[in-house]
Structure formats: structure tokens, C-alpha cells
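One-letter residues, chain by chain:
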Amino acid sequence: EEEFKWLLQEEVHAVLKQLQDILKEASQRFTLPTSSSGGAVKQENFVLSTSGTDQVKGVLTLQGDALCQADVNLKMPRNNQLLHFAFREDKQWKLQQIQDARNHVNQAIYLLMNRDVNYQFKTGSEVLKLMDAVMLQLSRARNRLTTPATLTLPEIASSGLTKMFTPALPPDILVNFYINLNKLCLTVYQLHVLQPSTTKNFKPAGGSILHNPGAMFEFGNQRYEVSHVHKVECVVPWLNDALVFFTVSLQLCQQLKDKISVFSSYWNYRPY
């Protein structure tokens with residue numbers, strides 16, 4: 001029982017402190033060090049690429065959770081015509097996944113800091129409850145980066161992203177940006193209009209992270225089919241760091257839960 005008291009009074013706080021330190025590191029990755037000139041988050045450039053094709057090339061500029069510049073070249077397969085489009089200078093595209101992940105990390109830090117070193121845990125169940133709450137926030141943070149949103153093609157077509165480019169995107173091109181694990185991804189969909197005579201087998205596609213050629217949809221009184229899909233991506237190193245921090249933190253939480261559970265069952269300790 002003395003050992004269990006020591007665990008509650010000493011070791012739990014040591015683990016909470018360790019978790020706080022790791023998650024503060026993770027949180028700093030999302031805000032990124034500022035450039036030497038002042039308060040703004042520094043901009044980072046990333047080159048988009050994919051193995052085996054050069055249909056799409058581009059450079060993205062990321063500033064924290066916002067894409068502030070995108071410069072994309074697209075080679076049209078039909079006639080090898082080269083299209084170039086970039087963000088308008090007055091536009092930025094917020095990456096909601098990064099914003100949400102950062103909010104969940106900060107919520108986990110808040111939960112941990114609510115129990116300072118002078119706080120005395122009375123029961124094992126109290127610690128388990130705190131660990132569960134912290135793990136829930138960390139799992140949500142990780143899931144926001146590992147699981148992009150599923151969108152229908154009309155949702156992509158009506159997204160504010162399509163209005164951000166100059167020159168304006170042609171009606172037969174759709175684009176979507178998202179985070180997948182430690183990568184920033186751009187998908188370009190090339191479309192062709194379905195003629196009224198071919199729409200008897202029209203079957204609109206549902207929501208998906210990535211739509212395949214042949215997917216059909218209706219938008220603006222016109223029916224389209226996806227003819228080509230190009231996906232290019234770039235690794236964002238600090239997203240990789242954040243994912244590692246999440247994994248380590250979740251392991252620490254689980255180890256503490258396991259210790260508490262072992263003690264509780266060993267002494268038939270019933271905190272509930």
C-alpha cells in the first residue's frame with residue numbers, strides 16, 4: 001500500500017511533467033519558430049512531386065496552418081498543353097487539419113497543467129480518468145493528421161479553394177489539398193463533360209479522400225466524369241515530429257494506466 005501511495009504522490013506527477021514537456025514540444029512544432037525579422041510565423045517552401053509521372057509539378061508555401069502560396073504546372077494528357085495556375089496574392093488557404101490537431105494538443109496540455117505538483121491524487125481511478133481524457137485528445141490530434149476528410153466531387157467543386165487561383169481554374173479541372181500523416185498532398189482531377197446521350201448509366205460518386213477515374217458527379221446543371229487523377233505530395237518534417245510526439249505520449253499514458261491497474265488488482269484496491 002505504501003508503494004501505491006508513492007506511485008500516486010510521486011510517480012504520477014513525474015509522468016505528468018514528462019507528458020507536459022513532450023506536448024509543449026509538439027505544440028511548438030505547429031506554431032513553428034518565427035523568422036528573425038519579427039513576430040510572423042516563418043514561411044516554408046515545399047516541392048510537390050510523385051514517382052513515375054511529371055504531369056503535375058508545383059511549389060507550395062506553408063506558413064503554420066495556412067497555405068499562403070501555391071504555384072502549380074499541369075501537363076494536359078490530351079494535347080500536352082501546359083497549364084500554370086497560382087494562388088491570388090490576396091488569398092490563403094487554411095488547413096483545418098493542422099488547426100484542429102494543434103487545438104487538441106493544447107487541450108491535452110491544459111488537462112495536464114490542471115493538476116500541479118501540489119495536487120494529491122487520492123485514488124487510482126482518478127489517475128485513470130485523467131489519462132483517458134488526455135489520451136482522447138491525443139488520439140483526436142493524431143487522427144486529424146492521419147485521416148483526411150472524405151469529400152464528394154461537388155463539395156470539392158464548390159470549395160472556396162477553386163476560387164483562389166489566377167488565372168481561374170478551367171471548368172474541367174478540380175483541385176484538393178489535404179494532410180495525410182506527415183505529407184501535404186495535392187490532388188488534381190481532370191474532368192470531361194458527359195453528353196446527354198451517355199447519362200443513362202449516370203451514377204454519382206459518394207464521399208472519398210481520393211476519387212478514381214470514372215467517378216461521376218453533377219454540378220451546376222452539368223454532369224461530369226473524372227478522366228484523369230494526379231496526386232503529388234511533399235513531406236513536412238515538423239508534422240513527422242508531431243506524430244512521433246503523439247505516439248510517445250500515448251505510450252507513456254498507457255504505461256501509467258497499466259501500473260495503476262496492476263496495483264489496483266494486486267491489492268484488490270477498489271477505487272470505484
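The model shown is predicted, which means the values in this text are computed figures rather than measured ones.

About the criteria used
Counting of residues starts from 1 at the beginning of each chain's written sequence and follows it residue by residue. Confidence filtering applies because this is a predicted model: local features only for residues at pLDDT of at least 70, side-chain atom pairs given and counted only at 80 or more, and all residues used for totals across whole chains, interfaces and linings. For the side-chain quantities, the full set of heavy atoms in the structure was used; hydrogens and water were omitted. Going along the chain from the N terminus, every DSSP run of H or I of four or more residues is numbered as a helix, and every run of E of two or more is numbered as a strand. C-alpha atoms define the radius of gyration, and 2.2 Å times the number of residues to the power 0.38 defines the globule rule. Each residue is placed in one exposure class: buried if its accessible area under a 1.4 Å probe, protein chains only, is under 20% of its type's maximum, exposed if it is over 50%, and partly exposed if it falls in between. Using a 1.4 Å probe, the Shrake-Rupley method yields the accessible areas, and only the shown protein chains count as cover for residues. Residues scored as charged are limited to Lys and Arg (positive) and Asp and Glu (negative), so that His and the chain ends carry no count. To locate a charge, take NZ of a lysine, CZ of an arginine, CG of an aspartate or CD of a glutamate. Whether two residues are in contact is decided by their heavy atoms: any pair within 4.5 Å suffices. Salt bridge, as applied in this entry: a Lys or Arg side-chain nitrogen positioned within 4 Å of an Asp or Glu carboxyl oxygen. Residues grouped as a nonpolar core are buried Ala, Val, Leu, Ile, Met, Phe, Trp, Tyr and Cys residues, joined through side-chain atoms within 4.5 Å. Fitted lines through C-alpha atoms give the axes, limited to the stretch in contact for helices. The angle between two N-to-C directions lies from 0 to 180 degrees. If an angle is under 35 degrees, it is roughly parallel; if it is over 145, roughly antiparallel; if it lies from 65 to 115, roughly perpendicular; otherwise it is oblique. Whether a crossing is left-handed or right-handed is set by the direction in which the near helix is turned from the far one by less than a right angle, anticlockwise for left-handed and clockwise for right-handed. Residues are sorted three ways: Asp, Glu, Lys and Arg are charged, Ala, Val, Leu, Ile, Met, Phe, Trp, Tyr, Cys and Pro are nonpolar, and all the rest, Gly among them, are polar. DSSP bridges decide pairing: two strands pair if at least two such bridges lie between them.

Peer 1: What is the right way to read the overall build of the protein from this model?
Peer 2: Helices and strands together make up the secondary structure of the protein, namely five helices and ten strands. For 272 residues, the compact-globule estimate of 2.2 N^0.38 gives 19 Å, and the C-alpha radius of gyration of the protein, at 24 Å, exceeds that figure by more than 25%. The C-alpha extent of the protein, read off along each of the three principal axes, is 80 × 55 × 30 Å. Classification of the 272 residues of the protein by burial places 45% in the buried group. Put simply, the protein shows about 14300 Å² of open surface, and 50% of that area lies on carbon and sulfur atoms. Positive and negative charge centroids in the protein, built from 27 and 24 side chains respectively, lie 5 Å apart.

Peer 1: Whenever I open this one, the environment of Gln69 confuses me. Can you help?
Peer 2: Its location among the elements puts Gln69 in strand 3 (residues 66–75). With a relative accessible area of 43%, Gln69 lands in the partly exposed category. In this structure the C-alpha to C-alpha distance between Gln69 and Ala168, which are 99 residues apart in sequence, comes to 15 Å. If we skip the residues at most four places from it in the chain, Gln69 touches Val59, Leu60, Thr61 and Phe87.

Peer 1: Help me understand the side chain of Glu126, please; the structure alone is not making it clear to me.
Peer 2: Tracing the backbone through its elements, the reader meets Glu126 in helix 3 (residues 124–146). One buried charged side chain, Glu126, makes no salt bridge at all; its nearest oppositely charged neighbour is Arg115, positioned 4.6 Å away. When neighbours within four sequence positions are excluded, Glu126 is seen to be in contact with Tyr119, Gln120 and Phe121.

Peer 1: Could you clarify how one ought to interpret the nonpolar core in this entry?
Peer 2: General note: in soluble globular proteins, nonpolar side chains tend to be found buried as a group. In this structure, Phe30, Met131, Val175, Phe177, Leu186 and Phe246 are the most contacted members of the largest nonpolar core, which totals 68 residues. Broken down by element, this core gets its largest block of residues, twelve residues, from helix 5 (residues 237–266). With residues near it in sequence (within four places) discarded, Phe177 still touches Leu60, Leu67, Ala70, Phe87, Leu161, Phe165, Cys185 and Leu186. Of all hydrophobic cores here, the second largest spans ten residues; its members include Leu153, Ala157, Leu174 and Tyr189.

Peer 1: In this structure, what is going on with the packing of helix 1 (residues 2–31) against helix 2 (residues 96–113)? I would like to understand it.
Peer 2: Geometrically, a packed helix pair is captured by the angle between its two axes and the distance between the axes. The geometry of helix 1 relative to helix 2 is characterised by a closest axis approach of 9 Å and an angle of 155° between their N-to-C directions. On the basis of their axis angle, the class for helix 1 and helix 2 is roughly antiparallel. Of the two possible hands of crossing, helix 1 and helix 2 adopt the one that is left-handed. Here Leu16, Leu19, Gln20, Leu23, Lys24, Ala26, Ser27, Phe30 and Thr31 of helix 1 lie close against helix 2, whose contacting residues are Ile98, Ala101, Arg102, Val105, Asn106, Ala108, Ile109, Leu112 and Met113. When its residues are assigned to classes, the contact of helix 1 with helix 2 shows twelve nonpolar, four polar and two charged.

Peer 1: Just to check I follow, could you spell out the pairing of strand 4 (residues 82–87) for this structure?
Peer 2: Regular strands show a simple pattern: their side chains alternate between the two faces of the sheet. Of the strand pairs in this sheet, strand 3 and strand 4 are connected by five bridges, and their pairing is antiparallel. Paired with Val72 across the two strands is Phe85, which belongs to strand 4. Bridging between strand 4 and strand 6 (residues 165–166) involves two bridges; their strand directions are antiparallel. When the bridges of strand 6 are listed, Ala86 appears paired with Thr166.

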